[in-house]
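Structural description and commentary
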Amino acid sequence: MNKILWIVSLLLVASAQPLLAQKPKKTSGNPIFEGWYADPEAVVFGHRCWVFPTFSAEYENQLHFDAFSSKDLVKWKKHPNVLTSENVSWARMAMWAPAVVEKDGKYYLFFSANDVHQGEVGGIGVAVSKKPGGPYKDALGHPLIQDIVNGAQPIDQFVFCDNGQYYMYYGGWRHCNVVRLADDLLSIVPFPDGTLYKEITPENYVEGPFMLKRNGKYYFMWSEGGWGGPDYCVSYAISDSPFGPFHRIGKILQQDPQVATSAGHHSVVRGAGPDEYYIVYHRRPKGETARDFRVTCIDRLEFDSEGMIRPVKMTFEGVKATKVKQH
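What comes next concerns the included structure. (Residues numbered from 1 in each chain as written. Predicted model: local features only at pLDDT ≥ 70, side-chain atom pairs only at ≥ 80, totals over all residues. Heavy atoms only, no water.)

A word on the sheet that holds strand S17 (residues 250-253)
Spatially, S14-S15-S16-S17 is the arrangement adopted by the four strands of the open sheet, whose pairing is antiparallel. Strands with a single pairing partner mark the edges of an open sheet, and in this sheet they are strand S14 (207-214) and S17. Strand-to-strand, the axes of this sheet are offset by a mean angle of 35°, without reference to chain direction. Note: strand S16 (residues 233-239) against S17, three bridges, orientation antiparallel. Looking at the pairing, serine 235 lines up with lysine 251 of S17. (Pairing = 2+ DSSP bridges. Helix = DSSP H or I, 4+ residues; strand = E, 2+ residues; numbered from the N terminus. Axes fitted to C-alpha atoms, helices over the stretch in contact; angles between N-to-C directions.)

Comments concerning the pairing of strand S15 (residues 217-224)
Most of S15 sits inside the fold, with seven of its eight residues counted as buried. Summarising the sheet, S14 and S15 pair through six bridges and their orientation is antiparallel. Of the residues in S15, the one forming a bridge with leucine 212 is tyrosine 219. In this structure, S15 lies alongside S16, joined through seven bridges in antiparallel fashion. When the bridges of S16 are listed, serine 223 appears paired with valine 234. (Buried < 20%, exposed > 50% of the residue type's maximum accessible area, 1.4 Å probe, protein only.)

Digging into the sheet that holds strand S18 (residues 260-270)
Across the sheet, which stays open at both edges, the three strands sit in the order S18-S19-S20 with antiparallel pairing between neighbours. Where the open sheet ends on each side, the last strands, each with one partner, are S18 and strand S20 (295-301). Neighbour-to-neighbour, the strand axes of the sheet open up by a mean angle of 30°, direction not taken into account. Where S18 and strand S19 (residues 277-285) come together, seven bridges link them in antiparallel fashion. Paired with serine 267 across the two strands is valine 280, which belongs to S19.

Quick look at the side chain of aspartate 299
Mapped onto the fold, aspartate 299 is located in strand S20. Buried charge without a salt bridge: aspartate 299, with arginine 283 as the nearest opposite-charge side chain at an N-O distance of 4.1 Å. At a separation of 2.7 Å, a polar atom in the side chain of aspartate 299 contacts the side chain of tyrosine 281. Ignoring anything within four residues of it in the chain, the contact list for aspartate 299 reads Asn30, Tyr278, Ile279, Tyr281, Arg283, Val312, Lys313, Met314, Thr315, Gly318 and Val319. (Lys, Arg positive; Asp, Glu negative; His and termini not counted. Salt bridge = Lys/Arg side-chain N within 4 Å of Asp/Glu carboxyl O. Polar contact = N/O pair within 3.5 Å; in protein donor to acceptor, adjacent residues only side chain to side chain. Contact = heavy atoms within 4.5 Å.)

A look at the pattern of salt bridges
This structure, assessed with the given rule, holds 10 salt bridges. Aspartate 193 is the salt-bridge partner of lysine 198, the closest N and O atoms lying 2.8 Å from each other. On the basis of relative accessible area, lysine 198 is assigned to the partly exposed category, the value being 22%. Here aspartate 292 ties to arginine 291 by a salt bridge, and the two come within 3.1 Å at their closest N and O atoms. Linked through salt bridges whose partners overlap, the residues forming this network are Glu58, Arg291 and Asp292.

A closer look at the side chain of serine 28
Its place among the elements puts serine 28 in the loop between helix H1 (2-21) and strand S1 (37-45). Apart from residues lying up to four places away in sequence, serine 28 is in contact with Leu73, Val74, Ile298, Glu317, Gly318 and Val319.

Let's talk about the packing of aromatic side chains
Enumeration over the complete set of coordinates arrives at 22 aromatic pairs. Residues phenylalanine 33 and tyrosine 37 carry aromatic rings whose centres are separated by 5.7 Å and whose planes lie at 80° to one another, so their mutual orientation is edge-to-face. Both residues of the pair, phenylalanine 33 and tyrosine 37, belong to the buried class. Three or more aromatic residues joined by ring pairs make a cluster, and in this case those are Phe160, Tyr169, Tyr218, Phe220, Trp222 and Phe246. Against the face of phenylalanine 191 rests lysine 198, its NZ or CZ located 4.9 Å from the ring centre. Positioned above the aromatic ring of phenylalanine 303 is the side chain of arginine 214, whose terminal nitrogen or guanidinium carbon lies 4.0 Å from the ring centre. (Phe/Tyr/Trp six-rings, centres within 6.5 Å; stacked < 30°, edge-to-face > 60°. Lys NZ or Arg CZ within 6 Å of the ring centre and 35° of its normal.)

In structure tokens form, the structure reads like this:
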């Protein structure tokens, strides 16, 4: 009889394990999902937050994008292979830094490919899908922007809508341009003054531009330093215009040797509450040295009473469950 009771007790303990494993998380934790991912583009569609990151690997292996979605910033669902090189005839390596927007019921995924130099095929492309989770297919059959203009390598694009007009900020190699997108988002069109490209490079800019409009002000942010080094960080400027001028104010995200290094290439989403913002970014875990060991994290982004961005405190806990809302 004692043996039978012992076996029954073991079975009861074993059956309880899945229930214990499914205990709700109190916070997102950092990183917010498993795997080596960088350059996260966070965007809210409806009441779900989507994160589109770079698959962090050797350039020859960066041939696809995964996406992740969440209703509360804590529990994340993986959507694998939303875009692969199989659907981009001209992409042969280094597909990175996706940026996704919705317009007229379609989803447009802008991406960089091939680590292009002048005279080579590559640069910024655009793929389209009827669903945010894909599958996406190349919309043009060639890059949208391929040439090196104003010294800016065509990478790290971010698409920003202001009063119904879509603009794209982009650029590596320490230069940043802004262009105006056509209504179908598949070409660039001149500004009223006839120019196609406007350079808006702020002090210390390296890559990873991002624009946020808050209370009528334009918060332009970018990454500085070397993407694999301890000096990688995010700085910002504020302007009354989406075209600047952008005068550098200071850093808002940088390494904390007790938490992580190489913190940068971010995006920002709004929560459902008033003046509730979250920064989604990548960092290298403490003690790790592999070039491509980068993970995606989330923390609060806050403003002071003067509208300045407070320095972000990187955490292991991440953020508490919260609703998100498309603004």
